[in-house]
Amino acid sequence: MSDNDSIGKQMYRLVEELYPICRSITGNGVRRTLEIVSRSTPMTIHEVKTGTPVFDWIVPKEWNINDAYIIAPNGEKIVDFKKNNLHVLNYSSPINATLPLEKLKEHLYTLPDHPEWIPYRTSYYQERWGFCLSHNQFIGLKEGDYKVVIDSSLSDGHLTYGEHLIKGETEDEVLLSCHICHPSLCNDNLSGIALMAHLINYLSQQKLRYSYRFLFIPGTIGSITWLSQNENTAKKIKHGLVVVCVGDPGAFTYKRSRDGNAEIDRAVLNVLTKAELSHDVIDFYPYGYDERQYCSPGFNLHVGSLSRSTHGCFPEYHTSADNLSFITADAMEESLNTYIAVMDVLENNKTYINTSPKCEPQLGKRGLYDSTGGTHTNDKNFQMALLWVLNLSDGSHTLLDISERSEIQFSTIKQAAAALCGTDLLVEASPSG
Amino acid sequence: MSDNDSIGKQMYRLVEELYPICRSITGNGVRRTLEIVSRSTPMTIHEVKTGTPVFDWIVPKEWNINDAYIIAPNGEKIVDFKKNNLHVLNYSSPINATLPLEKLKEHLYTLPDHPEWIPYRTSYYQERWGFCLSHNQFIGLKEGDYKVVIDSSLSDGHLTYGEHLIKGETEDEVLLSCHICHPSLCNDNLSGIALMAHLINYLSQQKLRYSYRFLFIPGTIGSITWLSQNENTAKKIKHGLVVVCVGDPGAFTYKRSRDGNAEIDRAVLNVLTKAELSHDVIDFYPYGYDERQYCSPGFNLHVGSLSRSTHGCFPEYHTSADNLSFITADAMEESLNTYIAVMDVLENNKTYINTSPKCEPQLGKRGLYDSTGGTHTNDKNFQMALLWVLNLSDGSHTLLDISERSEIQFSTIKQAAAALCGTDLLVEASPSG
Amino acid sequence: MSDNDSIGKQMYRLVEELYPICRSITGNGVRRTLEIVSRSTPMTIHEVKTGTPVFDWIVPKEWNINDAYIIAPNGEKIVDFKKNNLHVLNYSSPINATLPLEKLKEHLYTLPDHPEWIPYRTSYYQERWGFCLSHNQFIGLKEGDYKVVIDSSLSDGHLTYGEHLIKGETEDEVLLSCHICHPSLCNDNLSGIALMAHLINYLSQQKLRYSYRFLFIPGTIGSITWLSQNENTAKKIKHGLVVVCVGDPGAFTYKRSRDGNAEIDRAVLNVLTKAELSHDVIDFYPYGYDERQYCSPGFNLHVGSLSRSTHGCFPEYHTSADNLSFITADAMEESLNTYIAVMDVLENNKTYINTSPKCEPQLGKRGLYDSTGGTHTNDKNFQMALLWVLNLSDGSHTLLDISERSEIQFSTIKQAAAALCGTDLLVEASPSG
């Protein structure tokens, strides 16, 4: 990795490297993925035994696969896992048989609406075998006997996930969670993995108020497993985001937490709105990715999900078209920067006290009018930010409240608070740490 | 009454039978009306003596009428109560006299804007006599002496009303109230009487959580009388609707209760919205029908009013054009079904507890994915309803809350809750009965 | 002053008389202004010594000026304070010197966008001297030496302000505040001075529930001085308005108090909305006139600001074009009447109790139906107002609440409450006085 590359290009290259690996909810694909990410990003790898009860569920068998293919009646290998791992029904049980076309068809999955694309299909909780292929290939299949081989195994083993904690001044945590169980799909969710890795690298170099917990987990069963084994830790989580589909160049989508107007919801919307990033906002609903588990009523964590195009709503979703050309380095870098801006709001969203609350203090004699001459890009805005911070710092407004009410960017409000803290006029309400 | 007829046709036929009767706030017209309804619908008839004090009012004299007409100078009977009882000013004092046209005109009421129609006019609390006629007839009247006869009586007697209580599991009551004091007007309010009769018949055959109280009363003085004599019973009323103008084919109108967002208001709007019935919603105002009394500040009951066209806002209102051709069997049946759907929401609007609130439970192993195969019309909706009920059943959301937030029909939410109660996943929060 | 003149014309004439005086935040211009207003309006004149600490500020030196001019190289007097006092930088330090054009230009202020107008500029807290002139004149200046004379003085003295209190039944106060520090500018704020003077005259003749405090003060330093020296009195202020820019014929602008939905905010908006006066509403922001001080977090008084065109938003603002032709007698009179209507809402916004809250009382027997025959312009509205007042007078709604909910003019609601108080049906909840 060249240090001269833009962050976006580095993210893209990580996705490129991870793309060929066949992942599932368990197995060596996940292990290999986490190893690669670990090379440049610190992480602890956890292994949880098959059969471990996790709330209403049980950790499933480990799935591994060497090869899978179909040989046509004419001897040609027409569907080949080694060319694209989407060809095998993910978590497929092993098979080695010869079947007539009619029987084979019961195990084939296609996308008639997108006849060039291979669908991504899974069968985790019902033992099945199957192949996915393009609809064009499917309709060309001739009568005859087909040899099918899936050289996979389902056996006792482990569920593997990665975890990293950056300790901040307080034990209060921000959770960032991405699913790592999808095979060769880029936006969903190699983009999320790459963003999390680079966010770890970035935040590790900052002085932080919150502790940040990163989970690289298989979808659903992974978050259930983690929550089941970390109930006390979960209580420390004050804010969180599920990181998915952050690589395509579409508009942002923010799905609110179950509570709907939690600080994380307001922080994300503040960033998207003030930065004038085009975006949609959708209310929480109990479907989607791991926010379903974090927002289950027994936890009700303040966890939302910040994506680009919404999963399930773009045609490439869960198909072979979610490939390396569907995502861009620029989009990934913009997504990362947006996450960083959200974390910046959380980090700095404190409450201050105006120590001179009766009438306005004289800013001129403290050099706060002068200071606006050249150091700030938008002087008038900065001047108004000073007045807003003074006016609302009565102990019942955070900087996010002030940014929302004044309609001034959070970063400007933060700068104004910092400038005022440099005088005798403003102090933090109850300093953390 | 043929059992093969649709409910709407049965309702229409009841209106037809009641239409010719001359009703007023007291007297034999009301008694005859209640007798006819009682033939197929159980009801207790109450008689309250003239002169009984009821809050700020006094039960008025009983009014009865045999005949009324005007004889023109040429000897022709030109206005005849026996042809249309709207011709007499309702509650008119008796008269037998001969007057010149000029004097007579002081006692005549017409509708210049609808010259073919006879208006409906009353004078309950000021003794007067008068006739109502079409404006066309009025302008054709020639000079000369007219003989006027109103063979009515105003004397001590009783105020008559009907009442029926269906006992449910709890003493909490739902009130349904219609006024029965209008003479030959179909929509206002024979349609309300017919709807209430059939709603009694329907609910009598159900297992009910609430008790249902039905009042067939003269407008204003009737509800004042009932409330005055049943103050303790009134405290049991948790929800209620005033049933008026439910027979015309116009859009629905819902007038909110005084509190504005009571459970009855939300239940009605849920039904109208989710069923995509075109409708208007109007805020409470202290005018209209008996909701004025139920929502007076000393009671402040949660009583709204669900109509088709709003009283006072359709041209036929309080005229001879509110006749048998203004209402339809279909509209009445749709109104009845809408009332039934509202009662269904009230009956089933309970709070449940997800007994497995940490992460989602595994629905598949309980057959709740399978169950969606063919038994529900809208499978995906049902699946989402299961997830919503689980997610929000934390003890602080009723099924109506869940329907509103999920935007899924209440009936689907109810089905989902029932399916989950059939497993180990959901229990009622505090079972009634 | 002729008594036959309209109030608007009297207001206009007061502005005419005050227009030529050169005012500043201190000095004889302010004294002369208050003397003139005092001739017809009672007021106490306060003098606060230079150097007095007032919160974070210090009362500044007194500024007085006799003359100021520029003599061109050709001997012509080209800029003359005696022709227009805007020509001198307000609060300018004295100077008597001869300078080349190049040096002079550092002390000249113009408005390139409005080349005919003289700008209004000040330098209160940094000692400077300067002249303001039209841009057209500026670009005609020729090279050479200019003689500049500013015969002003900055010396220890006093800050002068006027105050008047009208005592009402209670000690609770309504504050009205206008700045008096601007020189020859009509809308900003001689119009405010004239409105306050006439509002004093009007309210002095009324029986009042509230006490009314009027402050005629220099902007910023004046309100800071008053608040600093009257902290206990400030606690009595329940409602208030800053009176600025009330003379131009533009639409009204209401700037809310810091709390945003205080009674004063609702009262002003009720008047503007119900009277169908075209208006804009803007939320509080910590910039503008003396509401900045009254709404500082240490006081947080419920003080808004009711203007015509918003200060800073009309091109004539702070220029010589804000002159006697920019304002009109009619606009000032309409502004005054609007202020009076707001005070009328505050005075009468009481809570009443319906003494007959169970069902509607019989209005007819108390003559309240008859009374509607001819005495009220809008009978139906008055009838509805009676019903609304009865329905909502349960102890938890004020007349303003009732006006807002019923969408009936406050004045009609007030009349209805008065009529009901004349019967046995309504009493004041907790009478003041």
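Look up a bit, the structure's there.
Read on for an overview of the structure. (Residues numbered from 1 in each chain as written. Chains lettered and ligands numbered in written order. Predicted model: local features only at pLDDT ≥ 70, side-chain atom pairs only at ≥ 80, totals over all residues. Heavy atoms only, no water.)

Quick word on the pairing of strand β16 (residues 303–307) of chain A
All names here are of chain A.
- With 5 of its 5 residues buried, β16 lies for the most part within the structure.
- Relative to β16, strand β14 (residues 252–255) runs antiparallel, the two being bridged by 3 bridges. Looking across to β16, one finds that T253 is bridged to S307. (Buried < 20%, exposed > 50% of the residue type's maximum accessible area, 1.4 Å probe, protein only. Helix = DSSP H or I, 4+ residues; strand = E, 2+ residues; numbered from the N terminus. Pairing = 2+ DSSP bridges.)

Side note on the nonpolar core
Residue and element names in this part refer to chain C.
- Membership of the largest hydrophobic core comes to 143 residues, with the highest contact counts inside it found for L176, Y212, F214, F216, L241, Y339 and M343.
- Per-element accounting of this core gives the leading share, 10 residues, to helix α5 (residues 186–203).
- Setting aside residues up to four positions removed in sequence, Y212 forms contacts with H164, L165, I166, V174, L176, L203, M343 and E347. (Core = buried A, V, L, I, M, F, W, Y, C linked by side-chain atoms within 4.5 Å. Contact = heavy atoms within 4.5 Å.)

Brief notes about the state of the cysteines
Residues and elements named next belong to chain B.
- For the structure on display, the rule yields 0 disulfides over all chains.
- Not part of a disulfide, C132 finds its nearest cysteine sulfur in C22, a span of 11 Å.
- For C132, a relative accessible area of 0% corresponds to the buried category.
- The structure places no disulfide on C178, whose sulfur is separated from the nearest cysteine sulfur, that of C181, by 9.6 Å. (Disulfide = S-S within 2.5 Å.)

Things to note about the interface of chain A and chain B
- Each partner contributes to the interface: chain A provides 19 residues, whereas chain B provides 19 residues.
- Area buried by chain A at its contact with chain B is led by A:D56, A:R258 and A:P286, which between them contribute 37% of it.
- Between chain A and chain B we count 5 salt bridges in total.
- For the salt bridge of B:K358 with A:E231, the shortest nitrogen-to-oxygen distance reads 2.6 Å.
- Counting across the chain A and chain B interface gives 14 residue pairs in polar contact (both at pLDDT 80 or more).
- For the side of chain A that touches chain B, the secondary-structure elements that each account for two or more residues are α6 (221–229) and α9 (291–294) of chain A.
- Across the side of chain A that touches chain B, the residue classes tally to 12 nonpolar, 3 polar and 4 charged. (Buried area = accessible area lost by both parts, 1.4 Å probe. Salt bridge = Lys/Arg side-chain N within 4 Å of Asp/Glu carboxyl O. Polar contact = N/O pair within 3.5 Å; in protein donor to acceptor, adjacent residues only side chain to side chain. Nonpolar A, V, L, I, M, F, W, Y, C, P; charged D, E, K, R; others polar.)

Observations regarding the sheet that holds strand β18 (residues 394–398) of chain B
Residue and element names in this part refer to chain B.
- Pairing is antiparallel in the open sheet, where 3 strands are placed in the order β18-β17-β19. Looking at the sheet topology across the chains shown, the edges are occupied by β18 and β19 (426–428). Direction aside, neighbouring strands of the sheet carry axes that sit 35° apart on average.
- The pairing of strand β17 (residues 351–354) with β18 spans 2 bridges and is antiparallel. Note that in β18 the partner of T351 across the bridge is T398. (Axes fitted to C-alpha atoms, helices over the stretch in contact; angles between N-to-C directions.)

Section: the environment of C:P73
All names here are of chain C.
- Along the chain, P73 turns up in the loop between β4 (62–71) and β5 (77–80).
- Remark: the alpha-carbon pair of P73 and L399, spanning 326 residues in sequence, is separated by 70 Å.
- If near-sequence neighbours (up to four positions away) are discounted, P73 is found in contact with K142, E143, G144, D145 and Y146.

As for the packing of aromatic side chains
- Here the structure, examined in full by the defined rule, presents 26 aromatic pairs over all chains.
- With a centroid separation of 5.3 Å and an interplanar angle of 25°, the aromatic rings of A:F314 and A:F326 are classed as stacked. Of this pair, A:F314 sits in the loop between β16 and α10 (329–348) while A:F326 sits in the loop between β16 and α10, placing them 12 residues apart in sequence.
- A ring pair is formed by B:W57 and B:Y125, whose centres lie 5.5 Å apart and whose planes are at 70°; its orientation type is edge-to-face. Residue B:W57 is found in strand β3 (residues 57–58), and its partner B:Y125 is found in the loop between β7 (108–109) and β8 (131–132); the two are separated by 68 residues along the sequence. (Phe/Tyr/Trp six-rings, centres within 6.5 Å; stacked < 30°, edge-to-face > 60°.)

Regarding the sheet that holds strand β13 (residues 237–243) of chain B
All names here are of chain B.
- Strand order in the open sheet formed by 8 strands is β1-β10-β12-β11-β13-β16-β14-β15, with mixed pairing between adjacent strands. The open sheet has two free edges, formed respectively by β1 (44–49) and β15 (279–282), since each of these has just one partner strand. Strand-to-strand, the axes of this sheet are offset by a mean angle of 20°, without reference to chain direction.
- Sitting on the sheet, helix α10 (residues 329–348) touches β11 (173–179), β12 (211–217), β13, β14 (252–255) and β16 (303–307), and the angle it makes with β13 is about 175°.

Re the relation of the copies chain A and chain B
- Each copy superposes on the other: chain A lies on chain B with an RMSD of 0.1 Å after a rotation of 120° and an axial shift of 0.2 Å. Interpreted geometrically, this transformation is the action of a three-fold axis. Distance from the rotation axis, computed per C-alpha, reaches its smallest value in chain A at A:N261: 13 Å. (Least-squares fit on C-alpha atoms with pLDDT ≥ 70 in both.)

Describing the packing of helix α12 (residues 399–406) of chain B against helix α13 (residues 410–421) of chain B
All names here are of chain B.
- Between α12 and α13, the shortest axis-to-axis distance is 9 Å and the interhelical angle comes to 125°. Looking at the two axes, α12 sits oblique to α13. The way α12 lies across α13 gives a crossing that is right-handed. Contacts between α12 and α13 involve L399, L400, I402, S403 and S406 from the first element and F410, I413, K414 and A417 from the second.
- Across the contact of α12 with α13, the residue classes tally to 6 nonpolar, 2 polar and 1 charged. (Parallel < 35°, antiparallel > 145°, perpendicular 65-115°, else oblique. Left-handed = near helix turned anticlockwise from the far one by under 90°.)

Re the pattern of salt bridges
- For the structure shown, the criterion picks out 69 salt bridges over all chains.
- Residue B:R213 pairs with B:E163 through a salt bridge whose shortest N-O separation is 2.7 Å. Residue B:R213 is located in strand β12, and its partner B:E163 is located in strand β10 (residues 158–166); the two are separated by 50 residues in the primary sequence.
- Each of A:D56, B:K365, B:R366 and B:D424 takes part in a single network of salt bridges with overlapping partners.

Re the environment of A:T412
- Among the secondary structure elements, A:T412 is positioned in helix α13 (residues 410–421).
- Sequence separation of A:T412 and A:F382 is 30 residues, and the distance between their C-alpha atoms is 6.3 Å.

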